[in-house]
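Topology and contacts: notes
What follows is each chain in one-letter form.
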Amino acid sequence: MTEPTTEFPPPKILTLSPTHKPILITQGAEGRLYKTPSPIQPNQFCALKYRPPKPYRHPILDARLTKARISSEAKVLDRCYREGVPVPAVLAKDAAAGWMMIEWIEGEPVRVGINTWLGERPEDDAVVDHSQQDETPLIDLMKRIGVAVGALHRTGVVHGDLTTSNMMLRPWADDTLPNGHGDKAEKAKAVAGDVVVIDFGLAMQSQSDEDRAVDLYVLERAFASTHPRAERLFHHILDSYRVAFKKAPGVLHKLEDVRMRGRKRSMLG
């Protein structure tokens, strides 16, 4: 994948390697994400998040906002990493230049793993008998998601955009992979791995039950829209969240209020 033609070139740090060119993984309204060789260990890769200048903003204001946002995201990630939350490690940053280098997480997004497990959608009139299916691997994944979110909230951080696209499944060692052969084993491997939470661009430090409940509500709605056939298992996430985070009862009580407000907004359009 080549760098698209843009008004602004990539940051200078991405031009230091004479043999490896960075790969643009994704580009959004606020920034770009590259996969690039690590300057510390050239045989390994890292991710570089870059916020290019915004021509529609005043240059001084834009520079201040970019520096503040990179610094804030790096600070949140550092705090989470120190507290044992499964997040990428921050390797380096230059907030003034608008970039942050973090650990590259191998694997697939949780979204991909769940959709691979679910497979093709059944016919509209088909009735799926879930009692005849062994859903243990998928339920175990739901529990690991709940533990990861509980660890995040226990640290005093609210993600702000919890979706299965913002969680990665980092592969386990071969000796921890599910045993067996055939379709069942392949499905189990699709949802195997450690859950790592990524993309903290909207994260903030907060001890508010309301903020934590909104985090959970965003994740719940993401399941409803992205994985509707797995939505009935969402309670496993909340159950493991309750075990992982001792202040969970207050958050889950507030979640009911947030759900009620969400339903009222839906009814009113």
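Residues numbered from 1 in each chain as written. Predicted model: local features only at pLDDT ≥ 70, side-chain atom pairs only at ≥ 80, totals over all residues. Heavy atoms only, no water.

1. Section: the packing of helix H5 (residues 209–226) against helix H6 (residues 234–244)
Contact geometry for H5 and H6: axes closest at 10 Å, N-to-C directions at 155°. Between H5 and H6, the crossing angle belongs to the class labelled roughly antiparallel. Judged by the sense of rotation from one axis to the other, the crossing of H5 with H6 is right-handed. For the pair formed by H5 and H6, the contact residues are Arg212, Leu216, Leu219, Glu220 and Phe223 on the first element and Phe234, Ile237, Leu238 and Tyr241 on the second. Considered class by class, the residues forming the contact of H5 with H6 number seven nonpolar, no polar and two charged. (Axes fitted to C-alpha atoms, helices over the stretch in contact; angles between N-to-C directions. Helix = DSSP H or I, 4+ residues; strand = E, 2+ residues; numbered from the N terminus. Parallel < 35°, antiparallel > 145°, perpendicular 65-115°, else oblique. Left-handed = near helix turned anticlockwise from the far one by under 90°. Contact = heavy atoms within 4.5 Å. Nonpolar A, V, L, I, M, F, W, Y, C, P; charged D, E, K, R; others polar.)

2. Brief notes about the sheet that holds strand S2 (residues 32–37)
Strand order in the open sheet formed by five strands is S1-S2-S3-S5-S4, with antiparallel pairing between adjacent strands. Unpaired on one side and paired on the other, strand S1 (23–27) and strand S4 (90–94) mark the two borders of the sheet. Ignoring strand direction, the axes of neighbouring strands in this sheet form an average angle of 20°. (Pairing = 2+ DSSP bridges.)

3. Here we look at the pattern of salt bridges
Per the stated rule, a full pass over the model turns up 10 salt bridges. Put simply, Arg232 and Glu135 hold a salt bridge, and the shortest N to O gap is 2.3 Å. A residue pair is termed long-range when its members are at least 10 positions apart, and Arg232 in the loop between H5 and H6 and Glu135 in the loop between helix H2 (110–118) and helix H3 (136–154) qualify at 97 residues. Glu135 sits in the buried class, given a relative accessible area of 10%. Linked by salt bridges that have partners in common, Lys49, Glu73 and Asp199 make up one network. (Salt bridge = Lys/Arg side-chain N within 4 Å of Asp/Glu carboxyl O. Buried < 20%, exposed > 50% of the residue type's maximum accessible area, 1.4 Å probe, protein only.)

4. Brief notes about the packing of H3 against H6
Running from N to C, H3 and H6 point in directions that differ by 40°, and their axes come no closer than 7 Å. Taken together, the axes of H3 and H6 lie oblique to each other. Regarding H3 and H6, the two cross each other, and that crossing is right-handed. Every residue of H6 that contacts H3 at Ile139, Met142, Lys143, Ile145, Gly146, Val147, Val149, Gly150, His153 and Arg154 is listed here: Phe234, His236, Ile237, Ser240, Tyr241 and Ala244. Taken together, the residues of the contact of H3 with H6 sort by class into nine nonpolar, five polar and two charged.

5. Examining the environment of Gly156
Within the secondary structure, Gly156 sits in the loop between H3 and strand S7 (157–158). Of the residues examined, Gly156 reaches a relative accessible area of 2% and is grouped as buried. In sequence terms Gly156 and Gln207 are 51 residues apart; their C-alpha atoms lie 5.4 Å from each other. Once residues lying within four places of it in the same chain are set aside, the contact partners of Gly156 are Arg79, Met204, Gln205, Ser206, Gln207 and Arg212.

6. Observations concerning the confidence of the model for the protein
Confidence along the protein averages 87 in pLDDT terms, with 85% of residues attaining 70 or more. Note on residues 1–6: pLDDT under 50 across the span, and 10 contacts to partners over four residues away in sequence or across chains. (pLDDT = per-residue confidence, 0-100.)

7. Focus: the packing of aromatic side chains
Tallied over the full model, the rule gives two aromatic pairs. On the numbers, 5.5 Å between centres and 65° between planes, the contact of Phe223 with Phe234 is edge-to-face. Here the residue Phe223 occupies a position in helix H5, and Phe234 occupies one in helix H6, the gap between them amounting to 11 residues. Measuring from ring centre to ring centre gives 5.7 Å for Tyr241 and Phe245, while their planes differ by 65°; the resulting arrangement is edge-to-face. In this pair, the class of Tyr241 matches that of Phe245, namely buried. Stacked on the ring of Trp117, the Lys or Arg Lys187 has its end atom at 4.4 Å from the ring centre. (Phe/Tyr/Trp six-rings, centres within 6.5 Å; stacked < 30°, edge-to-face > 60°. Lys NZ or Arg CZ within 6 Å of the ring centre and 35° of its normal.)

8. Digging into the pairing of S2
As a general feature of sheets, a regular strand has side chains that alternate between the two faces. Judged by how many residues are buried, S2 sits mostly within the fold: five of six residues are covered. Here S1 pairs with S2 via four bridges, running antiparallel. Across the sheet, residue Gln27 finds its bridge partner in S2, namely Arg32. Pairing of S2 with strand S3 (residues 45–50) involves six bridges; the strand directions are antiparallel. Paired with Arg32 across the bridge in S3 is Tyr50.

9. Points about the sheet that holds strand S8 (residues 167–170)
Strands sit in the order S6-S8-S9 across an open sheet of three strands; the sheet is antiparallel. The open sheet terminates on both sides in strands that have one partner only, identified here as strand S6 (108–109) and strand S9 (194–197). As judged from the two bridges shared by S6 and S8, these two strands associate in the antiparallel manner. Its bridge partner lying in S8, Pro109 is registered against Met168. Packing against the sheet, H3 makes contact with S8 and S9, and its axis sits at approximately 40° to S9.

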